[in-house]
Amino acid sequence: MKRAIIKGLCLGCIFALALMILSTVMNQGNTDMTTEMGEATYPVLSMYVGKYRVGSLHGYAQNMESAYLRDNLQPVGEDRKIDVRIDTYGREIDAIGFEVRSLDGERLVESTQVEEYEEEDNGITFAITLKDLIENDTEYMLVFLVTPRESTPIRYYSRIVLSDSLHIREKLDYIVDFHERTFDKEAAAELTKYLESNAEGDNTTFSKVTIHSSFNQVTWGDLAVNRMTEPRIIIRELAEQTGSFNIEYFASIRNGKQTDYYRVNEYYRIRYTPERMYLLDFERNMEQIFDEESQVCVNDKIMLGITGDRVTLQESDGGNVFAFTVADKLYSYNVTDNKLARLFSFYGNTEELTDERSAYNSHDIRVLTVDETGNILFLVYGYMNRGRHEGCVGVALYGYNSMANTVEEMAYISYDKSYELLKTDIEKLSYLSRTGIYYFMMDGSVYAVDIQSLEVQTVVTGLREGGYHVSESNKMLVWQEGNDLYAASELVLMNLNTQKQTKIQAGMGEYISVVGFMEEDLVYGLAKKRDVRVNSTGITTFPMYCLKIQSDEGDILKTYQKDNIYVVDSAIEENQLTLFRVTYDEESGSYVSAADDQIMNTEEVRDGINKLSYVVTETYETICQIAVKEEIDGRTLKHLTPKEILFEGSRSVGELAGEATEKYFYVYGKDGIEDICVNPGKAVDLAYRTAGVVVDDDGDYVWRRESRSTRNQIMAITENEATETKGSVAVCLDTILKYEGISRNTQRRLNQGDTVFDILEGDLQNCTILDLSGCSLDAVLYYVNKDIPVLAMLEDGSAVLIVGFNELNIVVMDPTDGTLEKRGMNDSTEWLEQNGNQFISYIRKEDSVK
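Below, the structure is looked at part by part. Here the structure is a predicted model, which is why all the values come from computation and not from measurement. (Residues numbered from 1 in each chain as written. Predicted model: local features only at pLDDT ≥ 70, side-chain atom pairs only at ≥ 80, totals over all residues. Heavy atoms only, no water.)

### Describing the overall build of the chain
Moving on, step 1. Along its length, the chain carries 10 helices and 60 strands.
Moving on, step 2. Its C-alpha atoms give the chain a radius of gyration of 31 Å, near enough to 29 Å, the size a compact globule of 850 residues would have.
Moving on, step 3. Across the 850 residues that make up the chain, the buried fraction comes to 53%.
Moving on, step 4. Summarising the internal contacts of the chain: among those between residues at least 6 apart in sequence, 57% fall at separations of at least 24.
Moving on, step 5. On the chain, roughly 39100 Å² of surface is accessible, and the fraction owed to carbon and sulfur atoms is 45%.
Moving on, step 6. Distance between charge centres in the chain, computed from 83 positive and 141 negative side chains, equals 3 Å. (Helix = DSSP H or I, 4+ residues; strand = E, 2+ residues; numbered from the N terminus. Rg over C-alpha atoms; globule rule 2.2 N^0.38 Å. Buried < 20%, exposed > 50% of the residue type's maximum accessible area, 1.4 Å probe, protein only. Contact = heavy atoms within 4.5 Å. Areas by Shrake-Rupley, 256 points an atom, 1.4 Å probe, with all protein chains shown as cover. Lys, Arg positive; Asp, Glu negative; His and termini not counted. Charge placed at Lys NZ, Arg CZ, Asp CG, Glu CD.)

Following this line, the structure appears as structure tokens:
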């Protein structure tokens, strides 16, 4: 018996030992399957303007669509020389070359290898001299190809412009001097003559300071700010007098026993004159770097500090777990377990803030789902600073496993345009269904990726602006079938959770149109075919006699229909739908404006359990915090930093089949892309209001805010009178075509039903025709300043040509009167507004980049 007991004990010890060994092996195996994110390895390239280092270009691993890369503009003097520095961070470089191309990258102008360069201070410096093959005042794309040892070439992109009339050094002197003075209140007294301090400025927050803020706000109030990195200067836009710039840097503020760190971005728009500089716009954005290791938890609050409006929070159904993003970092907090985890960030500790590769912020993070166990699915999209996809632009879908405390890449979608364009698409539609299907929009198409198999399917292609809508939650998607925006007979409503598609058809003799969503309920309108009107310029009036609100289950919740009332436009804001209406006047045979109406959504929106809130403090002014459902015990708070799961092979999604089917116009302002429009008039109007620029798919300028001449007139255009057989519209069209060297009789085509737009687009082959309806007279004079006439349609169906201007007048060729005369600027502005501001002009493609 005793021997049996001893034997049993021995066997038990052997079994226990085996378990220990097996556990060690298993744990070792798990350790081997996880890792830290790979360090940044790409060099950073900068160029110089005099003594100023500008640009700080980040490299791309793939060939990019260069027309959409507008991060930096490098001016080139008449000697065509550019001084360059590459910060290698210790990486050896085998070869350096550069190319000069057209903005769209299609035409190669020059390709040269750099044979001579100097290695110094962990970097390389050299100078390049461009060949005499580029034209003055024309933008090109400069592409550096830097080949590290045992690697493929890394590409660096920057626009360049050859000109000696940009006054760039004076402009850089001004913005750097302004920047430096803000840190010294005594020296900053000089800045008061440039500021426009008034009620428009918000003096309650340091997160956003503008030209309208107070002097005290611009000079940091009572904050003891220390700049911890050298300012990085970025040239955005340049014209002879004006220029737009950014200055980026990190700053620190001592806060008791700890130091807080901030990302700061300053925007300047200035105008040069020989007498003085003018500050046209100034904006400084400040965002605190959240440091989870410092004292950030107070009672039931997580203190985020001075932040902008990019902070997001998403919680699980019960509110026991929530995820939040701040300063390009993603965190989760588990209320039950009292765990705070940093799920993703390209930079970690304070030292990495000074490494501009890791701290580069051309990406975003979006949380898709949060469950009660703490598992989180999220996206990282844009430029990848480091790791597996370093130097690429794309969308990475990650999953966080709270039990294992690991992050795993689930899928990756590559992209060859800019982060800013990708951001606009992802913000339109990005949704993960309960069955593990990820839906996203890209270049006018919607795709579905199975995150288990990585198979991709095209849901719909060729979506047009105004022809589709997505609900706020992204769960519901609707689109119009057919190519004509105003002649659709069917809608397709899709629930992305269930993949169920419902077709909604118009009745006989009717068209159907998407209005939008109120929560998950679809709003659409019906119009009689006989009521739809297209005027001679091609502008469509789509009067909807009936609106319907349909639930995601297919039930009609409300029908809006009133006698002789038509809805021609609408706006949805929160729980209110505003209807812009007209009535039909039988006497004039036209539609007349009627009072607006509203439809309210009475369904209450559930507030979150954990909430973002803002409080005002004495020194830091407005700060952001998270109000947590329960008090946080700082003594037992666990800080987690998940590791990344390794895997073999690739999880990249295959090539996407869809292509953009429409011409787009891109509006760039101080915040990057302000909007992407199909309608050029909408784009120009927005750029006019935001002092931005409009470019097309080739990267060519369509419109930009710049100082125009005090006077200009197209002398080749003289008076011409309409006749009984040729109306004023035909006279204007014939005059435009003759001015461009084309002889036509357009009256016949107008009689056949062609629109002004059809005729100009058919005959001006090397031009982009622009429907500028809705723009102001002041905005369209940009084209007259470029010696391009502007056609203005009047309410009675006649037309005039605007062919000149001075400070007080415009010059109008009026075929109805057969005159070419000056008309007062103010009177003309009012007259054209009363006629609907219906303008048509064009750009010559070979001139548009200038």
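### Considerations on a negative patch on the surface
Moving on, step 1. On the surface, Glu78, Asp79, Asp83, Asp137, Asp164 and Glu240 cluster together into a negatively charged patch.
Moving on, step 2. Along the chain, Asp83 falls in strand E5 (residues 81-87).
Moving on, step 3. Judged by its relative accessible area of 36%, Asp83 is partly exposed. (Patch = residues over 30% accessible without salt bridge, like charges linked within 9 Å, V, L, I, M, F, W, Y side chains within 5 Å. Salt bridge = Lys/Arg side-chain N within 4 Å of Asp/Glu carboxyl O.)

### Some remarks on the sheet that holds strand E32 (residues 468-470)
Moving on, step 1. Spatial strand order, E32-E33-E34-E35: four strands in an open sheet with antiparallel pairing. Two strands lie at the open edges of the sheet, namely E32 and strand E35 (500-505), each paired on one side alone. Neighbouring strand axes in the sheet, compared pairwise and without regard to direction, differ in orientation by 15° on average.
Moving on, step 2. Bridge count for strand E34 (residues 490-495) against E35 is six bridges, and the pairing is antiparallel. Across the sheet, the residue bridging to Met494 is Gln501, located in E35. (Pairing = 2+ DSSP bridges. Axes fitted to C-alpha atoms, helices over the stretch in contact; angles between N-to-C directions.)

### Some remarks on the environment of Gln550
Moving on, step 1. With respect to the helices and strands, the residue Gln550 is situated in strand E40 (residues 546-550).
Moving on, step 2. In contact with Gln550, not counting residues within four places along its chain, are Leu493, Ile504, Asp521, Leu522, Tyr524, Asp555, Ile556 and Leu557.

### Here's the deal with empty space enclosed by the protein
Moving on, step 1. Per the counting criterion, the structure on display carries two cavities of 30 Å³ or more.
Moving on, step 2. There is about 40 Å³ of room inside the largest cavity.
Moving on, step 3. In terms of lining residues, the largest cavity is bounded by Tyr42, Pro43, Val44, His58, Gly59, Arg357, Tyr383, Asn385 and Glu390.
Moving on, step 4. Looking at the lining of the largest cavity, its residues break down into four nonpolar, three polar and two charged.
Moving on, step 5. Reported here for the second largest cavity is a volume of approximately 30 Å³.
Moving on, step 6. Broken down by secondary-structure element, the contributors of at least two residues to the lining of the second largest cavity are E40 and strand E42 (566-573).
Moving on, step 7. Its residues placed into classes, the lining of the second largest cavity shows eight nonpolar, one polar and one charged. (1 Å grid on protein atoms, 1.4 Å probe; cavity = no way out; pocket = protein on both sides within 12 Å on 5 of 7 lines; lining within 4 Å. Points joined across faces, edges and corners; volume = space filled by probe spheres on them. Nonpolar A, V, L, I, M, F, W, Y, C, P; charged D, E, K, R; others polar.)

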